[in-house]
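# Coordinates in review
Each chain is listed here by its residues.
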Amino acid sequence: MTFQSAWRLGLVKVFAYALLALFLVPAVTYVFTRHVQTDQDTRFVAGISQRIDAEKGLPADEKQARKDYYRSNPPSTICSNADPEAREYREALCDTFSDVWQFHMARKLSLWTLVASAALLLAVLGLGALAFADRTLQYASFVAGWRLTSWASATALVVQGTMAVWLSFWVTAFFFHKYSPKLVLFVGFAVGAGVLVAVAGIFKRVQSSNQVVGELVGEADAPLLWQRIRHLAQRLKTEPPRHIVAGIDANFFVTEAPITVGQQTLTGRTLFVSLPLLRILDQTEADAVLGHELAHLRGGDTRRSAQLGPKLVQFDHYRHAIRTGGLSAMASPLLDLYRTIFEIALASDSREREFKADRLAAKLVSPAAIAQSLVKIAAYAQYRYRIEDELFGRNERHDNSTLGIASFVAQGLAPYAASPDFVDAMKTANVPHPFDSHPAMPERLRNVGMALKERDYGAIAVRAPATTWVQEILTADAIEQRLWSAYEQQFAQDHERSLAYRYEPANEQERALVLQYFPPVVFALKGDATVEVSIDGIRTSADETTVFWDAIKGLEFKESSFGNALIVTHPEKNALGLGAKTSKIKLPGLKKDKDQFNAVVSHYWQRHQIMRAQQQAAA
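### Here we look at the sheet that holds strand 5 (residues 259–261)
In space, the three strands of this open sheet follow the order 1-5-6, with mixed pairing throughout. Edge positions in the sheet fall to strand 1 (210–211) and strand 6 (264–266), since each has one partner strand and no second.

### Examining the state of the cysteines
Here the structure, examined in full by the defined rule, presents one disulfide. Covalently, Cys79 is tied to Cys94 through a disulfide, its sulfur atoms 2.0 Å apart. As the torsion about the S-S bond is roughly -100 degrees, the Cys79-Cys94 disulfide counts as left-handed. Here Cys79 is found in the loop between helix 3 (75–78) and helix 4 (87–93), whereas its partner Cys94 is found in the loop between helix 4 and helix 5 (99–133), with 15 residues between them in sequence. Cys94 gets classed as buried once you look at its relative accessible area, which sits at 15%.

### Notes on the environment of Ala16
Structurally, Ala16 is set in helix 1 (residues 3–54). Taking the C-alpha atoms as reference points, Ala16 and Ala106, 90 residues apart in sequence, are found 25 Å from one another.

### What to know about the pairing of strand 11 (residues 545–548)
As paired elements, strand 10 (residues 537–540) and strand 11 share four bridges and run antiparallel to each other. The residue of strand 11 that forms the bridge with Gly537 is Phe548. Linkage of strand 10 to strand 11, two consecutive antiparallel strands, is achieved through a turn of four residues, within which Glu544 is found at a positive phi near 55 degrees.

### Considering the side chain of Thr255
Turning to its location among the elements, Thr255 is positioned in strand 4 (residues 253–255). Given the relative accessible area of 6%, Thr255 is considered buried. A distance of 3.0 Å separates a polar side-chain atom of Thr255 from the backbone nitrogen of Ala257.

Thresholds applied
- Residues numbered from 1 in each chain as written.
- Predicted model: local features only at pLDDT ≥ 70, side-chain atom pairs only at ≥ 80, totals over all residues.
- Heavy atoms only, no water.
- Pairing = 2+ DSSP bridges.
- Helix = DSSP H or I, 4+ residues; strand = E, 2+ residues; numbered from the N terminus.
- Disulfide = S-S within 2.5 Å.
- Buried < 20%, exposed > 50% of the residue type's maximum accessible area, 1.4 Å probe, protein only.
- Polar contact = N/O pair within 3.5 Å; in protein donor to acceptor, adjacent residues only side chain to side chain.

Structure, rendered in structure tokens:
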């Protein structure tokens, strides 16, 4: 399946789920009420016709007239009949909370909910279309859509939840002539909890923090670089950045959103420069990249991103709360649909902004400079990702003091650029960026009018620069050393933690590492008994037995007034081969620690499953 077809299939699924979330419950309620009302009408008209026929002394034509009246005005219509002559008939059947009144109100509510859902869907699609039509209205359209879908989802939970509670009583009462109070209470509780989650999520404020790993480069540290950036900004007729941050990430970017660097929060325009990339770009190529980023400032791209970014974060947190809030998840497809539509609009706009910034950079410096910088940056980023992926995939521990990712990349980039798969990788490569999705590199090259031959990619990627801007940053070497040291230390720690999930373990060294992250955890039970959760399994002191993880297919914690227990489902079939075998680990006295126990069991079992999956993948 291609990316485009997968993307279209995903969009169709999101739209289908949204339709179900909006229309399923009210449609079921409407169909059910119509069915019951038809049955009630038939029974009522048949019964009253018999009573009319049984009346003596009543002329035949009057009997027929009365029967025709009730056939024309059955119970399903009488509650909305304002005819004064039908007052007694209406009052007899439509008393508040009577059966006829309930079905009449349920039918009206479900019908108007279907109408409102259709209007809401059109409004969501319209706001999404607005985001496509005019980029200056994206912020206003998103805020409007955010407020609309958030409150609509909470309202839908109240209305559809009410229908669900009502259906939980009447469906069983009508078809089976009995009802389950437990079912009604369960549905009611679930609906109430879902509504609370939705409403609480609307008013919850999320503090977003953009942490950038790097160090400030003051004007005294790089006077010529600052001078060059101001000169480029002047030529583009835009204000230069207030801050320059140097780091080791494989990208350049500008932002007007507040960012945190170390312990300092920077506001205003900030330019991030990559020291490793500045080492492979000559000054002209780097000028083209800097011009591209300054073009984003000129076009107002960063201002709009800074304004919209926190709203997107807030909305995504709300979606997560709804999706994980139990029954509130029934409202999440509508939110997902709007977010998906808006994300497509943002991606489309991002492509156009990147193309425009590239054209401005080509005009400011030269098409060749921006084209060559794109090739170099894409080659470096792709190869560095390969190196880090290969290092992280190794099954032996790394010594972070000798990891040397930077030197690995520097030494291997030239052989990689000469390898057979380099050109294919570059065809789909894009230049990494933390805030926007970028078009593939070949499209960007065509956009600036550079028809580079594929066979020239490798030579461009490894072409050594004559002069670089790194040479003009007095603190560059010290910054890189500090940042690479911290990065590789964190890389080694993350890798070591991943090994704790991968190792079975097979020897004492591996066991020691796994136990460092997954030591045995003991919980006290009734009396002197204990239960121990370890990398081997679950062991109880009462019977001195261990249920090993390989013997577990499923786990369920059962609470009981007679004592809690862990129900274990085993992979083996029973003697008749009819189903999975189960056993019980009794946990008497485990009450206040039950949540911690369940969390530990889940964590250790997850580790075991990941380890087995890794072994199967490697086999």
